Amino acid sequence: MTTPDITFYTAKSPNGVKVSIVLEELGIPYKAREISIKDDEHKQPWFLKINPNGRIPAITDHSRGDFHVFESGAIMIYLCEHYDPEGKLLPKDPNLKSQVIQWIMFQMGGLGPMQGQAGFFNRYGPEKIPYAIKRYTDETKRLYSVLNGALESKEYLVGNKFTLADAINFSWVRVHFLSGIESIDEFPNLKAWVARIGARPAVQKGLNVPVPDNIQELMDNSEKLDESIKNARIAFKWNSTDEK
Ligand SMILES: N[C@@H](CCC(=O)N[C@@H](CS)C(=O)NCC(=O)O)C(=O)O
């Protein structure tokens, strides 16, 4: 196995911490490079060469000829293919591997986009549009119910051990509150799983990259929550309905 030498481009975000959780779980050395969304660093020509989609996260693997990877799910798979020889997070068994990839696709194509829109319309957007709020909140909750069902009598989504399937979905479900879904009490398996995954030491480390995690503080303090929403609106230029 090549000795890893990775730069991890990220910002405070559930898509970013998916990757830092994997880096920490696998003990891969990396340098985190915080990208300033507020200053549009992710839209600069140098960064677009790394991620043509102009979004975080992305990585550059210097030990493999400065190979760039963008899209969080693809980065997680890449890291396992090169730096997880035992198949700790991405099993070698083809059926288990397929199941993990199914849950990766579920998150990338479903949960992330739906919960992201729920958050936008519930908390961050410049207008409150009831139909959009209902549509994305209902769909996010439906996806939570799918996860809750899959976790019936199980501690992890695939093969009775922590894998990429858990890491990728956990990073979004844990911030349900920021998306306007105040509680997940109606999904008891999911709630217990969030606590279980969140208690892993490597997950805790990953959640604090590139800046300390403050989700609990935001849940406990409405003034801090309002301030954080205001800052996100400015950073992401969500203050008006004009196109960016
Ligand atoms: N599908 C992409 C989504 C990446 C994404 O949307 N990243 C957000 C942060 S969570 C971003 O960079 N936003 C910058 C912007 O909207 O200008 C992935 O999973 O990597």
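Fair warning: this is a prediction, and the values are worked out from it, not measured in the lab.

**Looking at the packing of helix α4 (residues 94-124) against helix α5 (residues 130-150)**
Point 1. Running from N to C, α4 and α5 point in directions that differ by 145 degrees, and their axes come no closer than 8 Å. Considering only the axes of α4 and α5, their crossing is left-handed. Mapping the contact onto sequence places Gly110, Leu111, Met114, Gln115, Gln117, Ala118, Phe121 and Asn122 in α4 and Ala132, Ile133, Tyr136, Thr137, Glu139, Thr140 and Leu143 in α5.
Point 2. Classifying every residue of the contact of α4 with α5 by side-chain character gives eight nonpolar, six polar and one charged.

**Thoughts on the confidence of the model for the chain**
Point 1. For the chain, per-residue confidence averages 97 on the pLDDT scale, and residues scoring 70 or more make up 99% of the total.
Point 2. Across the chain, helix α6 (residues 164-173) holds the top mean pLDDT of 99, while helix α10 (residues 222-235) sits lowest at 95.

**Some remarks on the domain arrangement of the chain**
Point 1. Under the domain assignment, the chain is made up of domain 1 (6-83) and domain 2 (94-235).
Point 2. Distance between the C-alpha centres of domain 1 and domain 2: 20 Å.
Point 3. Each partner contributes residues to the interface: domain 1 has 19 residues there, and domain 2 has 18 residues.
Point 4. Among the secondary structure elements, those contributing two or more residues to the side of domain 1 that touches domain 2 are α1 (14-26), β2 (30-34) and α3 (72-83).
Point 5. For the side of domain 1 that touches domain 2, the per-class residue count stands at 10 nonpolar, three polar and six charged.

**Considering the packing of α4 against α6**
Point 1. At a minimum axis separation of 8 Å, α4 and α6 run at an interaxial angle of 10 degrees. One finds that α4 runs roughly parallel with respect to α6. Taking contact as the criterion, the partners of Val100, Trp103, Ile104, Gln107, Leu111, Gly112 and Gln115 in α4 are, on α6, Leu164, Ala165, Ile168, Asn169 and Trp172.
Point 2. Among the residues forming the contact of α4 with α6, the class breakdown is eight nonpolar, four polar and no charged.

**Observations regarding the pairing of β2**
On a regular strand, each side chain points to the face opposite its neighbour's, so the side chains alternate between the two faces of the sheet.
Point 1. As paired strands, strand β1 (residues 6-10) and β2 are joined by five bridges and run parallel to one another. Note that in β2 the partner of Thr7 across the bridge is Lys31.
Point 2. What joins β1 to β2 is α1, and the crossover it makes is right-handed.

**Looking at the UniProt feature "domain: GST N-terminal" (unreviewed entry) in the chain**
Point 1. Those residues carrying the UniProt feature "domain: GST N-terminal" (unreviewed entry) are residues 3-87 in this numbering.
Point 2. As annotated, residues 3-87 has a helix share of 34% and a strand share of 21%, and its two end C-alpha atoms lie 17 Å apart.

**A few points about the nonpolar core**
Within soluble globular proteins, side chains that are nonpolar tend to cluster in buried spots.
Point 1. Counting residues in each nonpolar core, the largest one holds 52 residues, and the members touching the most others are Val22, Met76, Leu164, Ala165 and Leu190.
Point 2. The residues that make up this core include at least three from each of domain 1 (6-83) and domain 2 (94-235).
Point 3. Discounting chain neighbours no more than four positions away, the residues touching Ala165 are Val100, Trp103, Ile104, Leu157 and Val158.

**Quick look at the site of the ligand**
Point 1. Taken together, Ser13, Asn15, Ile37, His42, Arg55, Ile56, Pro57, Glu71, Ser72 and Phe236 make up all the residues around the ligand.
Point 2. A class-by-class count of the residues in the shell around the ligand yields four nonpolar, four polar and two charged.

**Quick notes on α5**
Point 1. With 21 residues, α5 ought to run about 30 Å at 1.5 Å a step, and its terminal C-alpha atoms sit 30 Å apart, in line with that.
Point 2. The complete set of buried residues in α5 reads Tyr136, Thr137, Thr140, Leu143, Tyr144, Leu147 and Asn148. Relative to the axis of α5, the buried residues are bounded by an arc of 150 degrees and lie together on one face. More than 90 degrees from the buried face of α5, the exposed residues found are Pro130, Tyr131, Lys134, Asp138, Arg142 and Gly149.
Point 3. Along its buried surface, α5 packs onto α4, α6 and α7 (188-198).

Cut-offs used in this document
Residues numbered from 1 in each chain as written. Predicted model: local features only at pLDDT ≥ 70, side-chain atom pairs only at ≥ 80, totals over all residues. Axes fitted to C-alpha atoms, helices over the stretch in contact; angles between N-to-C directions. Helix = DSSP H or I, 4+ residues; strand = E, 2+ residues; numbered from the N terminus. Left-handed = near helix turned anticlockwise from the far one by under 90°. Contact = placed C-beta atoms within 7 Å. Nonpolar A, V, L, I, M, F, W, Y, C, P; charged D, E, K, R; others polar. pLDDT = per-residue confidence, 0-100. Domains from an automatic or database assignment. Parallel < 35°, antiparallel > 145°, perpendicular 65-115°, else oblique. Pairing = 2+ DSSP bridges. Right-handed = clockwise from strand over helix to strand, strands pointing away. UniProt positions renumbered as here; feature names shortened; annotations may be inferred. Core = buried A, V, L, I, M, F, W, Y, C linked by C-beta atoms within 7 Å. Buried ≥ 20, exposed ≤ 12 C-beta atoms within 10 Å, placed from the backbone. Near = placed C-beta within 6 Å. Expected span 1.5 Å × (residues − 1). Arc of directions from axis to C-beta.

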